[in-house]
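Tertiary structure, described
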Amino acid sequence: MPKSASERRKSELGEVQLNLNPMMDLFAVLIPTLLMMSVVVEVSAVNVSAPAIGPSDAAEVPKEDKPPLNYTVTITENGYILSALGQPLPNDQGEPGTPQRPTIPVIERPTSCGRYRGTVPPPRAKNRDRSICDPARPTDTKSFWIYDVHALTRRTTELKDAYPDERRVIIAGSANVDFEPISDAMDATRDVDEKGTVRALFDEVIISPGN
Amino acid sequence: VEKISKQQQLEVDREVDNFISALPAAPARPEGHRVKKKKHGKELKAVEVSINSLLDVLSVILVFLMKSYSTTTVQVKPSKDLQVPFTHSAQPVEDSTAITLTTKNVMINDVPVVILEESKVGEKDLSHAGLLIQPLFDKLKDEVEVQKRIAVTNKKAGFKGIVSFICDRHIPFPLLTQAMYTAGQAEYSQFKFVLIKGDRQ
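Below is a summary of the structure that appears in this document. (Residues numbered from 1 in each chain as written. Chains lettered and ligands numbered in written order. Predicted model: local features only at pLDDT ≥ 70, side-chain atom pairs only at ≥ 80, totals over all residues. Heavy atoms only, no water.)

If you tally the helices and strands in chain B, you get four helices and ten strands. Seen in sequence order, chain B has helices and strands lined up from the N terminus as α-β-β-α-β-β-β-β-β-β-α-β-α-β. Accessible area for chain B stands at about 13,100 Å²; split by element, carbon and sulfur atoms hold 56% of it. (Helix = DSSP H or I, 4+ residues; strand = E, 2+ residues; numbered from the N terminus. Areas by Shrake-Rupley, 256 points an atom, 1.4 Å probe, with all protein chains shown as cover.)

In C-alpha cells, the structure reads:
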C-alpha cells in the first residue's frame, strides 16, 4: 500500500520523540514525598476556654437582674451530673443528681464498634471486664456501659428553651474520667440536629478541673 | 607467491579503515526501542514501550495529592498511643502551636517534652500545687518568644495566643487540665481541641 504524503514526510525527516524520562524521574520523587506528607485523617476544631482555677469571673457579677445560669455538666464514672443556677438538676426519680445517683446515669446498651476499634467505650472502668472491639471488625455490635449522650442533648435542649440567651456551659470531670467522654459531652451540648436543621445550644465551653 | 612487506600491509589496512570511516553511519537506535532477535527465521518488528499513558496517570495522582496536601501546622498522625476521639464539629483547624497529649508523652509541635508514667506527669515535673507542668511551660515560653520575634519582622505571622490540643481518648482528665493551665500561664489565651471529623452519634 502506498504511503500517504504525511507518512512519507515523517519517514524522510525522522520522527521527533519527546524525552519524558526526566519528567518521569521527577514524578517518581514527588509522588512518594506528597504521599508521606499528606494528612490521612480529616480533623475539626472545637473551641474551649481555659480551666477555671479558683473563683470564676463569670459566676460573680451578673450583668443584668437575671442570675447567670452556670449550666454545669460534671462527668463521673456513673454518668452526668447536671446543675444550673447553682443547684443540681433532678434525675429521672426526681432526686437531685449526686455522684452515686447522677442526673443522667450510664446505660448498658448494644453499641457499634465503629468508633471504638481496639478499645472499649467510656466509662472504661465499668467496661473493664468486657472484651475490646476487634479493629478488623468495625461493624460488630457489643453490649457496653455507655454515657447517654442523647439524654444529655435532650436535657440541654430543654434548658436552652428555658434560657435562650445563655450560651455558656461548664464541663467538669472527676479525676478518673478520661478525655473521650469530655469531647462527647462537648458535642452533645453544643448543638442539636432537629430534623436536618442544626440548632446551636451551649457553644461556649469552659473546661473546669472539677473535684 | 609475492610476499608483501609489513609496510605494504600497513598501507592496505589504513586504506580499508579510511573506506569504512567514509561510509554513512548506521542510524542510532532510539531509546525504548528493542529489536528482537530472529525467531524461527522471522525478523520481528521493533517494540516501542509508550509511557504516555503512565505519565497521564501520574499527572492525575500528582494533582490530587497536591490538592489534598495540607499546609496547616496542626496535623494528626494517629498511632497506638494517639487515638483521637471523633466530633461532628465542622470548624476548620487554624495554624497554631500544637500540644499533643498521648498516653506516653507530651509533645509540642511533634517534639516530645515530657515523658509520662502511666499517663501521669512525674512529681518532679510539677509545680504550682501540681497544676503546672514545668518542662512543658519552659518549652511553651520558648515557643512564644520565637513567635513574638517573628512577629516583629512579619506582622502577618503575629503571636495570636492560639494553642491546639491533640489528645488521646484515654488520657486522664487531670492531665488535660494541667496542660491547659500550663498553656494559660505561658500566655496562650485561645484553646482548641483537634478531633477527628465523624458523624453525629
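Core analysis: the biggest nonpolar cluster contains 73 residues, and Tyr80, Ile171 and Ile207 of chain A together with Leu136, Phe165 and Phe193 of chain B have the highest contact counts within it. The biggest single contributor to this core is helix α4 (residues 173-185) of chain B, with seven residues. Once residues within four sequence positions are removed from consideration, Phe193 of chain B is found in contact with Ser44, Ala45, Val46, Val48, Phe179, Met186 and Ile207 of chain A together with Phe165, Cys167, Leu176 and Met180 of chain B. (Core = buried A, V, L, I, M, F, W, Y, C linked by side-chain atoms within 4.5 Å. Buried < 20%, exposed > 50% of the residue type's maximum accessible area, 1.4 Å probe, protein only. Contact = heavy atoms within 4.5 Å.)

Here we take up the interface of chain B and chain A. With 51 residues of chain B at the interface, the matching set in chain A holds 53 residues. With both chains or domains summed, chain B and chain A bury close to 4,800 Å², and 64% of this area falls on carbon and sulfur atoms. Taken as a group, Arg169, Phe173 and Gln201 of chain B account for 17% of the area that chain B buries against chain A, more than any other trio of residues on that side. There are one salt bridge connecting chain B and chain A. Between Glu180 of chain A and Arg169 of chain B there is a salt bridge, with the nearest N and O atoms lying 2.9 Å from each other. The tally of links between chain B and chain A comes to 18 residue pairs in polar contact (both at pLDDT 80 or more). Of all elements in the fold, only α2 (52-68), β3 (86-87), α4 and β10 (190-197) of chain B reach the threshold of two or more residues within the side of chain B that touches chain A. It is α2 of chain B that provides the largest number of residues to the side of chain B that touches chain A, a total of nine residues. Within the side of chain B that touches chain A, the residues separate by chemical class into 30 nonpolar, 13 polar and eight charged. Of the strand pairs in this sheet, strand β1 (residues 43-48) of chain A and β10 of chain B are connected by six bridges, and their pairing is antiparallel. (Buried area = accessible area lost by both parts, 1.4 Å probe. Salt bridge = Lys/Arg side-chain N within 4 Å of Asp/Glu carboxyl O. Polar contact = N/O pair within 3.5 Å; in protein donor to acceptor, adjacent residues only side chain to side chain. Nonpolar A, V, L, I, M, F, W, Y, C, P; charged D, E, K, R; others polar. Pairing = 2+ DSSP bridges.)

This part takes up α2 of chain B. Here α2 of chain B contains 17 residues, and its C-alpha end-to-end distance of 25 Å stays within 8% of the 24 Å for a straight helix at 1.5 Å per residue. Those residues of α2 of chain B not exposed but buried are Leu55, Leu58, Leu62 and Leu65 of chain B. Viewed along the axis of α2 of chain B, the buried residues span an arc of 90 degrees, placing them on a single side of the element. In α2 of chain B, those exposed residues whose orientation departs by more than 90 degrees from the buried face are Val60, Val63, Phe64 and Lys67 of chain B. Contacts made by the buried residues of α2 of chain B are with α2 (21-37) of chain A. (Expected span 1.5 Å × (residues − 1). Arc of directions from axis to C-beta.)

All names here are of chain A. Taken across its six residues, strand β3 (residues 79-84) has six buried, putting it largely inside the fold. Looking at chain direction, strand β2 (residues 71-76) and β3 are connected through five bridges and run antiparallel. Looking across to β3, one finds that Thr72 is bridged to Ser83. Between β2 and the antiparallel strand that follows it, β3, lie two residues. Direction of pairing for β3 relative to strand β5 (residues 104-105): antiparallel, over a ladder of two bridges. Bridge pairing links Gly79 to Pro105 in β5. In terms of strand pairing, β3 meets strand β4 (residues 87-88) through two bridges, oriented antiparallel. Paired with Ala84 across the two strands is Gln87, which belongs to β4. What sits between β3 and β4 in their antiparallel hairpin is a turn of two residues, with Leu85 showing a positive phi close to 55 degrees.

All names here are of chain A. Here the structure, examined in full by the defined rule, presents one disulfide over all chains. The side chain of Cys113 participates in a disulfide bridge whose partner is Cys133; the two sulfur atoms lie 2.2 Å from each other. The sign of the -65 degrees torsion about the S-S bond sets the Cys113-Cys133 disulfide as left-handed. Of the two residues, Cys113 sits in the loop between β6 (107-112) and β7 (141-146) while Cys133 sits in the loop between β6 and β7, which places them 20 residues apart along the sequence. Of the two residues, Cys113 and Cys133, both sit in the buried class. (Disulfide = S-S within 2.5 Å.)

Just distances and angles here, no functional claims.
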